[in-house]
Amino acid sequence: MTPRLDEIVARFGGELRGDGARTVSGLAPLDSATPWQLSFLANPKYRSQLAATRAGAVILAPEAAADCPCAAIVTPQPYLYFARVSQWLAQTPPPPGIHASAVVESPVPDSASIGPQCWIGPDVEIGEGSVLYSGVKIYSGCRIGRRAILHSGAVIGADGFGFAREAGGAWVKIAQTGRVLIGDDVEIGANTTIDRGALGDTVIEDGVKLDNQIQVGHNVRIGAHSAIAGCVGIAGSARIGARCTIGGGAIILGHLALADGVNVSAGTLVGKSIAAPGSYTGSVPFMAHDDWQRNFARLRHLDALADRIRALEKRLAELENKS
Amino acid sequence: MTPRLDEIVARFGGELRGDGARTVSGLAPLDSATPWQLSFLANPKYRSQLAATRAGAVILAPEAAADCPCAAIVTPQPYLYFARVSQWLAQTPPPPGIHASAVVESPVPDSASIGPQCWIGPDVEIGEGSVLYSGVKIYSGCRIGRRAILHSGAVIGADGFGFAREAGGAWVKIAQTGRVLIGDDVEIGANTTIDRGALGDTVIEDGVKLDNQIQVGHNVRIGAHSAIAGCVGIAGSARIGARCTIGGGAIILGHLALADGVNVSAGTLVGKSIAAPGSYTGSVPFMAHDDWQRNFARLRHLDALADRIRALEKRLAELENKS
Amino acid sequence: MTPRLDEIVARFGGELRGDGARTVSGLAPLDSATPWQLSFLANPKYRSQLAATRAGAVILAPEAAADCPCAAIVTPQPYLYFARVSQWLAQTPPPPGIHASAVVESPVPDSASIGPQCWIGPDVEIGEGSVLYSGVKIYSGCRIGRRAILHSGAVIGADGFGFAREAGGAWVKIAQTGRVLIGDDVEIGANTTIDRGALGDTVIEDGVKLDNQIQVGHNVRIGAHSAIAGCVGIAGSARIGARCTIGGGAIILGHLALADGVNVSAGTLVGKSIAAPGSYTGSVPFMAHDDWQRNFARLRHLDALADRIRALEKRLAELENKS
């Protein structure tokens, strides 16, 4: 696919500066684009690369347009524009249909693509246009919305982790009879797992994006358009608001609620509810190992340090009173 | 299945208060149960919901029975009772048998259920009544006990991570010739991995419950009835005692031992052995990002803060001696 | 396989002490080896076990040879020697060939072993002698080098996590058009995921060893002979140098660089680039839960503690000036 620049602008909008008849064959970063490629400038950090780019054309914001050494597509949101063009140029969704090696125990719409070695259990609903890559597993009774993308190894609807303990310490399983309900336009990364509810359902609302290796416990609810990075764990019955972001490796404990618009930093353990939107963090700085040993040994005695400060304040006040 | 209350009590014990001929068709929480459902009160936190419940009957402890507005099943351990009833009402284990798409290179008992796209390598033993959901992989030589439940994507017996380093930095693989030995009544979550031993075996004792996305390294031993939450990593040759619990995202380093009855909190890094039962924690509180930046910058200089306190104490003592 | 000691020395070098005609049937640790097994002493910690070992022979360093109660193979690097012998004795790589249940859409060399239920997409290259265990998934366009070992559930080339945000909060997917390029002699653990690049490629250089449950984001580069332990997450566009080691559960944020020879401790969050080789750590010590509550509450007020120390220093200096 080698569209002309004026075709791109006709389709996606924006203001064209330069030769609309020029064709481009793909996208590339400013510093490696060839004259046959389209580039973009979204992050001001890369502004210095603009003057020297060899790209055939650049998608950029009005304030950068004057410095562009080649053809330009000017738009107020160059990154969003780039995203849309990237999808159009790529156009390589897997073809609709069910691969012969998939085991499908529920009806699936003709527009869906079910890859090799997928398993779709009984009573599952799959929305129009959804794509399941090789090896996705969907347990009975779960619902996937329209235009979903599920990557290899994702497991939807396995039993939640629920047990009652006998006096002797043995665990008795609590039947997990709920479902997983997934809205429209959701993407689920490779080897991510979403457990079915215990009594009620686990719910992933529209437009949620989950990266790889994420664990979502039973009865969790994730609000619309939240995005969660790799390796995050969300314990049972947590409620994540809409338009939240959660950084890689964060752990969200169970039975708590995050408001809409909360951003949790990578590596943060969220142990209680967050009622107000904003950014929240709880990780420690890394340092050279020897420095760490010296500094972090103090953490074991932080309470004692505080006591010593209090004692000093008292003694000093007495002395000040005397003198 | 819509049993009468007196049938439930005949089967599971407890004291019935109210009309034993009433039937229930399922379980539900106090605040959403209908008159055709059975509910339960186990956590005192939900006691306030009892008076207004519309449930047909409630499983509860003797001390709460007087306040129950409907029929009741009175038992000293309502949560355990609820767990047992939930299993009985659910009764949906996958049927025994080997799915045609599974690749099974070892004999399997008739009572086991081997789901679609499972792989069972050579010389594997599977116990009576075990259930492997779609896509479980079991490498050669491993043993799974009776009544196991293995969820989709679980991998049992992949090579442990063992290498010796050459002078130039290249790694030479150490053959991983041990096995994974799993006891009876073990449940293993979706996409959890348990590596085979290097020379000896990796051992999971009876009644252990593992959530999703857990990594168990080679030669680890996990004691009976321990329960481990999602995203935990356990490094090689660690020994976890019996009846331990480990919270989500915790990391247990290798070549150390946890006593029986140790509870590790979520997000905790366990870097040395724990000899006494009890609860152990090592995570940092999260806070608004700006507060975090101000406070946690100090962590880099904690040692210096302690030095300043010591200097203050010395100077103050000198001053006190003078005055 | 039961080689004679003199055969082992003829093949792997080292100096034989004792009866070269003695045969051994396998490897075992010093404290459990039988007279028909070969053992090794690499870690000085186990030196005390040497005198009492019942092993038929021991691989050890020259300085330990005098204390060996049985036949010995003396070599300056006993652990490396042990690794090589272990591979030779094990000799159980899966046989070459493509399992009938695998779905293979690209040519594969005869010397490769493709296990049950693997999927190899179009335009994939697999190197000579590579082994894919059951259920490995490789998306289109990716390249695996020679002698690779990929364990069950590994997913290579799923889409990276890249989205642009619309004003209303919805995410627009950025097409992930790069590939994953993997060098020679790489081992990839069970359920590890490596995402394809967004525009450029994700690159894993020669000799890299990845444990289980690792997430490697799009456009990451991992330098030759680096070894990464289980549950590590590496965010997009991070560059890891050569011969690095990263401990279990560490999180490496995106768009940063680690120099060659950097060692990151387990559980450490790396939030900025590391320019010099060495060991780096950023985790907190665990303690009994009650102690932790008392000490770590102070972390919320560390900045205030520092302010109080500064105030004390000022007041004390004034007092000292007076007296």
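As the structure is a prediction and not an experimental result, all values here were calculated from the model.

Conventions we followed
- Residues numbered from 1 in each chain as written.
- Chains lettered and ligands numbered in written order.
- Predicted model: local features only at pLDDT ≥ 70, side-chain atom pairs only at ≥ 80, totals over all residues.
- Heavy atoms only, no water.
- Contact = heavy atoms within 4.5 Å.
- Salt bridge = Lys/Arg side-chain N within 4 Å of Asp/Glu carboxyl O.
- Polar contact = N/O pair within 3.5 Å; in protein donor to acceptor, adjacent residues only side chain to side chain.
- Helix = DSSP H or I, 4+ residues; strand = E, 2+ residues; numbered from the N terminus.
- Nonpolar A, V, L, I, M, F, W, Y, C, P; charged D, E, K, R; others polar.
- Pairing = 2+ DSSP bridges.
- Buried area = accessible area lost by both parts, 1.4 Å probe.
- Buried < 20%, exposed > 50% of the residue type's maximum accessible area, 1.4 Å probe, protein only.
- Least-squares fit on C-alpha atoms with pLDDT ≥ 70 in both.
- Axes fitted to C-alpha atoms, helices over the stretch in contact; angles between N-to-C directions.
- pLDDT = per-residue confidence, 0-100.
- Parallel < 35°, antiparallel > 145°, perpendicular 65-115°, else oblique.
- Left-handed = near helix turned anticlockwise from the far one by under 90°.
- Domains from an automatic or database assignment.

(A) Seen up close, the interface of chain C and chain A. Counting residues at the interface gives 71 residues for chain C and 71 residues for chain A. Between C:Arg294 and A:Asp303 there is a salt bridge whose closest N-O contact spans 3.1 Å. At the junction of chain C with chain A, the criterion picks out 31 residue pairs in polar contact (both at pLDDT 80 or more). Only β14 (155-158), β15 (163-165), β16 (171-173), β19 (193-195), β31 (269-270), β32 (278-281), α4 (289-296) and α5 (302-322) of chain C provide two or more residues apiece to the side of chain C that touches chain A. It is α5(C) that provides the largest number of residues to the side of chain C that touches chain A, a total of nine residues. Per-class residue counts for the side of chain C that touches chain A are 36 nonpolar, 21 polar and 14 charged. As paired strands, strand β33 (residues 287-288) of chain A and β32(C) are joined by two bridges and run antiparallel to one another. By the bridge assignment, A:Ala288 is partnered in β32(C) with C:Tyr280.

(B) Structural view of the environment of A:Asn263. All names here are of chain A. Here Asn263 shows up in strand β30 (residues 262-264). It is 9.6 Å that separates the C-alpha atoms of Asn263 and Ser226, two residues lying 37 residues apart in sequence. Setting aside its immediate chain neighbours within four residues, Asn263 contacts Thr245, Gly278, Ser279 and Tyr280. A distance of 2.7 Å separates the side chain of Asn263 from the side chain of Thr245, its partner in a polar contact.

(C) Quick look at the interface of chain C and chain B. Facing the 71 residues of chain C at the interface are 71 residues of chain B. Together, the buried faces of chain C and chain B total about 5,700 Å²; carbon and sulfur atoms form 64% of this surface. For the pair chain C and chain B, the number of links is six salt bridges. Note that B:Glu166 is salt-bridged to C:Arg84, the shortest N-O span being 2.5 Å. Our count for the contact surface shared by chain C and chain B stands at 31 residue pairs in polar contact (both at pLDDT 80 or more). In terms of residues, the side of chain C that touches chain B owes the most to one element, α5(C), which gives 12 residues. When its residues are assigned to classes, the side of chain C that touches chain B shows 35 nonpolar, 24 polar and 12 charged.

(D) How the structure looks around the sheet that holds strand β33 (residues 287-288) of chain B. An order of β5(A)-β7(A)-β10(A)-β13(A)-β18(A)-β21(A)-β24(A)-β27(A)-β30(A)-β32(A)-β33(B) is seen for the 11 strands of this open sheet, with the pairing classed as mixed. Across the chains shown, the open sheet's two edge strands, defined by having one partner strand only, are β5 (97-98) of chain A together with β33 of chain B.

(E) Region of the structure containing the side chain of C:Thr281. By secondary structure assignment, the location of C:Thr281 is in strand β32. Overall, C:Thr281 belongs to the buried group, its relative accessible area being 2%. Polar contacts involving the side chain of C:Thr281 include one to the side chain of C:Ser265, which spans 2.6 Å. Contacts of C:Thr281, omitting those with residues within four sequence positions, involve A:Pro285, A:Phe286, A:Met287, A:His289, A:Trp292, C:Ser265 and C:Thr268.

(F) Quick look at the relation of the copies chain C and chain A. Between the two copies, chain C and chain A, the superposition gives an RMSD of 0.1 Å; the rotation angle is 120 degrees and the shift along the axis is 0.0 Å. Taken together, the rotation angle and the small translation identify this as a three-fold axis.

(G) Inspection of the side chain of B:Asn295 at higher detail. Structurally, B:Asn295 is set in helix α4 (residues 289-296). Within the structure, the side chain of B:Asn295 is placed 2.7 Å from the backbone nitrogen of C:Asp303, a separation counted as a polar contact.

(H) Geometry of the sheet that holds strand β4 (residues 71-74) of chain B. Residue and element names in this part refer to chain B. Taken in spatial order, the four strands of this open sheet run β1-β4-β3-β2, and their pairing is mixed. The open sheet has two edge strands, β1 (15-17) and β2 (38-40), and neither has a second partner. For this sheet, the mean inter-axis angle between neighbouring strands, taken without regard to orientation, is 20 degrees. Relative to β4, β1 is paired through three bridges, and the arrangement is antiparallel. Paired with Leu16 across the strands is Ile73, a residue of β4. In the packing of helix α1 (residues 5-12) onto the sheet, contacts are made with β1, β2, β3 (57-60) and β4, and the angle to β4 comes to roughly 0 degrees. In the packing of helix α3 (residues 78-90) onto the sheet, contacts are made with β2, β3 and β4, and the angle to β3 comes to roughly 125 degrees.

(I) Focus on the confidence of the model for chain A. Confidence in the prediction of chain A, expressed as mean pLDDT, is 96, and 100% of residues score 70 or more. Scoring of the predicted complex yields 0.97 for pTM and 0.96 for ipTM.

(J) A look at the packing of helix α5 (residues 302-322) of chain B against α5(C). One can describe the packing of α5(B) onto α5(C) by two numbers: an axis separation of 10 Å at closest approach and a directional angle of 30 degrees. Considered as vectors, α5(B) and α5(C) are oriented roughly parallel to each other. Our pair here, α5(B) against α5(C), has a crossing hand that is left-handed. On α5(C), the residues touching B:Leu302, B:Leu305, B:Arg308, B:Ile309, B:Leu312, B:Arg315, B:Leu316 and B:Leu319 of α5(B) are C:Leu302, C:Ala306, C:Ile309, C:Arg310, C:Leu312, C:Glu313, C:Leu316, C:Ala317, C:Leu319 and C:Glu320.

(K) Main features of the pattern of salt bridges. Enumeration over the complete set of coordinates arrives at 54 salt bridges over all chains. A:Arg143 is the partner of A:Glu125 in a salt bridge, and the nearest nitrogen-oxygen pair spans 3.8 Å. In this pair, A:Glu125 is assigned in strand β9 (residues 125-126) and A:Arg143 in strand β12 (residues 143-144), connecting sequence segments 18 residues apart. The class of A:Glu125 is partly exposed, set by a relative accessible area of 46%. The partner of B:Asp303 in a salt bridge is A:Arg298, with the nearest N and O atoms 3.0 Å apart. Within this pair, whereas B:Asp303 is found in helix α5, its partner A:Arg298 is found in the loop between α4 (289-296) and α5 (302-322), the two belonging to separate chains.

(L) Layout of unusual backbone geometry. Here A:His225, not a glycine, exhibits a phi torsion of approximately 65 degrees, which is positive. Mapped onto the secondary structure, A:His225 falls in the loop between β23 (221-222) and β24 (227-228). In this model, C:Gln213 sits at a positive phi of 60 degrees, which is unusual for a non-glycine residue. Within the secondary structure layout, C:Gln213 lies in the loop between β21 (209-210) and β22 (215-216). For C:Gln213, a relative accessible area of 3% gives the class buried.

(M) Up close: the domain arrangement of chain A. Parsing chain A into structural domains produces domain 1 (5-90), domain 2 (98-280) and domain 3 (289-322). For domain 2 of chain A and domain 3 of chain A, the distance between their C-alpha centres works out to 46 Å.

(N) Examining the packing of helix α1 (residues 5-12) of chain C against helix α3 (residues 78-90) of chain C more closely. All names here are of chain C. Their axes nearest at 11 Å, the elements α1 and α3 cross at an angle of 110 degrees. Judged by the inter-axis angle, α1 sits roughly perpendicular to α3. Of the two possible hands of crossing, α1 and α3 adopt the one that is right-handed. Across from Ile8, Val9, Arg11 and Phe12 in α1, the residues of α3 making contact are Tyr81, Arg84, Val85 and Trp88. Residues belonging to the contact of α1 with α3 are distributed by class as follows: six nonpolar, no polar and two charged.

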